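Each chain is listed here by its residues.
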Amino acid sequence: MTITDPSAPDRVPPTPSHTVGPFYGYALPFRGGEEIAPLGHPDTITVHGYVLDGEGAPLPDALIELWGPRPDGTVPHVDGSRRRDPATGGHLGRNGVEFTGWGRVQTDADGHWYARTLRPGARGRNAPYLSVCVFARGLLVHLFTRIYLPGDEAALAADPLLTRVGDRRDTLIAAEEADGAYRFDIRLQGEGETVFLEFE
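Residues numbered from 1 in each chain as written. Predicted model: local features only at pLDDT ≥ 70, side-chain atom pairs only at ≥ 80, totals over all residues. Heavy atoms only, no water.

Draft legend 1. Broad picture of the overall build of the protein chain. A tally of helices and strands in the protein chain yields two helices and nine strands. Its helices and strands taken in sequence order, the protein chain reads β-β-β-β-β-β-α-α-β-β-β from the N to the C terminus. Expressed as a percentage of its 200 residues, the buried residues of the protein chain come to 40%. Counting only carbon and sulfur atoms, one obtains 52% of the accessible surface of the protein chain, whose full area is about 11,800 Å². (Helix = DSSP H or I, 4+ residues; strand = E, 2+ residues; numbered from the N terminus. Buried < 20%, exposed > 50% of the residue type's maximum accessible area, 1.4 Å probe, protein only. Areas by Shrake-Rupley, 256 points an atom, 1.4 Å probe, with all protein chains shown as cover.)

Rendered as structure tokens:
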């Protein structure tokens, strides 16, 4: 670490850094954030997993945001996913009909998260995937990754991103547990670290 004289005319002292967590449950998480799929939709899937630190310990105060297209690959343009009661101002949750493609989930005390959404459709040359943004303690900047679903090996083999990451591609592909249920653990660092993306 280099110490500089802040009074020197060509030196500006650095701004102290801050992490993006822990979260205290005010405003960011909202009731029903994990219920992205419309009620009773036949293409609903459940994706779940744990957010793990570099030692493999679960993080109980991480926040996950998910985005995904409709099963036909089109991106939804529905405004908002939160409704308020006009009389009381209280939160009513989603309307259960429209699909925004977006959800926000807080990990529980065991570091576990889950979301029910629609199976994403393929877009362009990409295999179907869900976009993920991770906020957690110790992170100075949130992280982006993807969740690919198994099943279409030809599409996975041809996906441009999975091709570029080589033998780390398995960190981006969820494990199928049962019909319509997938597990995807997010490892922030260490052995088996999830591939994270940088957008410019």
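Draft legend 2. Structural detail: the layout of surface pockets. Roughly 250 Å³ of internal volume is contained in the largest pocket. Surrounding the largest pocket, 16 residues form its lining, Trp-67, Gly-68, Pro-69, Arg-123 and Ser-131 being those nearest its centre. (1 Å grid on protein atoms, 1.4 Å probe; cavity = no way out; pocket = protein on both sides within 12 Å on 5 of 7 lines; lining within 4 Å. Points joined across faces, edges and corners; volume = space filled by probe spheres on them.)

Draft legend 3. Here's a closer look at the pairing of strand S6 (residues 143-148). The buried fraction of S6 amounts to five of the six residues, a majority that puts the element mostly inside the structure. In this sheet, S6 lies alongside strand S5 (residues 129-135) in antiparallel orientation, the contact comprising six bridges. Residue Tyr-129 lies in a different strand from S6, and its bridge partner there is Tyr-148. (Pairing = 2+ DSSP bridges.)

Draft legend 4. Quick look at the sheet that holds S5. An order of S3-S2-S5-S6 is seen for the four strands of this open sheet, with the pairing classed as antiparallel. The strands lining the two open edges of the sheet, one partner per strand, are strand S3 (102-106) and S6. Direction aside, the axes of adjacent strands within the sheet are offset by 25° on average. (Axes fitted to C-alpha atoms, helices over the stretch in contact; angles between N-to-C directions.)

Draft legend 5. Quick look at the pairing of strand S7 (residues 175-178). Examined bridge by bridge, S7 and strand S8 (residues 181-183) share three bridges and lie antiparallel to one another. Looking at the pairing, Glu-176 lines up with Tyr-182 of S8. Linking two consecutive strands that pair antiparallel, namely S7 and S8, is a turn of two residues; a positive phi of about 80° is found at Gly-180 within it.

Draft legend 6. Quick look at the environment of Ala-37. Inspection of the secondary structure puts Ala-37 in the segment before strand S1 (44-52). Separated by 81 residues in the primary sequence, Ala-37 and Leu-118 place their C-alpha atoms 5.4 Å from one another.

Draft legend 7. Local environment of the environment of Ile-173. Along the chain, Ile-173 turns up in the loop between helix H2 (160-165) and S7. Its relative accessible area of 19% is what places Ile-173 among the buried residues. Each C-alpha atom of the pair Ile-173 and Tyr-129 lies 9.0 Å from the other, and the pair is 44 residues apart in sequence. Ignoring any residue separated from it by four or fewer positions in sequence, one finds Ile-173 in contact with Tyr-148, Pro-150, Leu-156, Leu-162 and Phe-184. (Contact = heavy atoms within 4.5 Å.)

Draft legend 8. Region of interest: the packing of aromatic side chains. Under the defined criterion, the tally for this structure stands at one aromatic pair. Measuring from centroid to centroid gives 5.5 Å for Tyr-129 and Tyr-148, while their planes differ by 50°, and the two rings are tilted. Of this pair, Tyr-129 sits in strand S5 while Tyr-148 sits in strand S6, and the two are 19 residues apart along the sequence. Tyr-148 gets classed as buried once you look at its relative accessible area, which sits at 0%. Over the aromatic face of Tyr-129 sits the side chain of Arg-146, whose NZ or CZ is 3.9 Å from the ring centroid. (Phe/Tyr/Trp six-rings, centres within 6.5 Å; stacked < 30°, edge-to-face > 60°. Lys NZ or Arg CZ within 6 Å of the ring centre and 35° of its normal.)

Draft legend 9. Representation of the nonpolar core in the model. In terms of nonpolar packing, the biggest core is built from 27 residues, with Val-51, Ile-64, Leu-66, Trp-113, Ile-147, Ile-186 and Leu-188 touching the most fellow members. Among the elements of the structure, S1, strand S2 (63-67), strand S4 (112-118), S5 and S6 are those that each provide at least two residues to this core. Ignoring any residue separated from it by four or fewer positions in sequence, one finds Leu-188 in contact with Val-51, Leu-52, Leu-59, Val-134, Ala-136, Leu-143, Glu-193 and Phe-196. Tyr-129, Leu-162, Leu-172 and Val-195 belong to the second-largest nonpolar core, a separate cluster that totals 11 residues. (Core = buried A, V, L, I, M, F, W, Y, C linked by side-chain atoms within 4.5 Å.)

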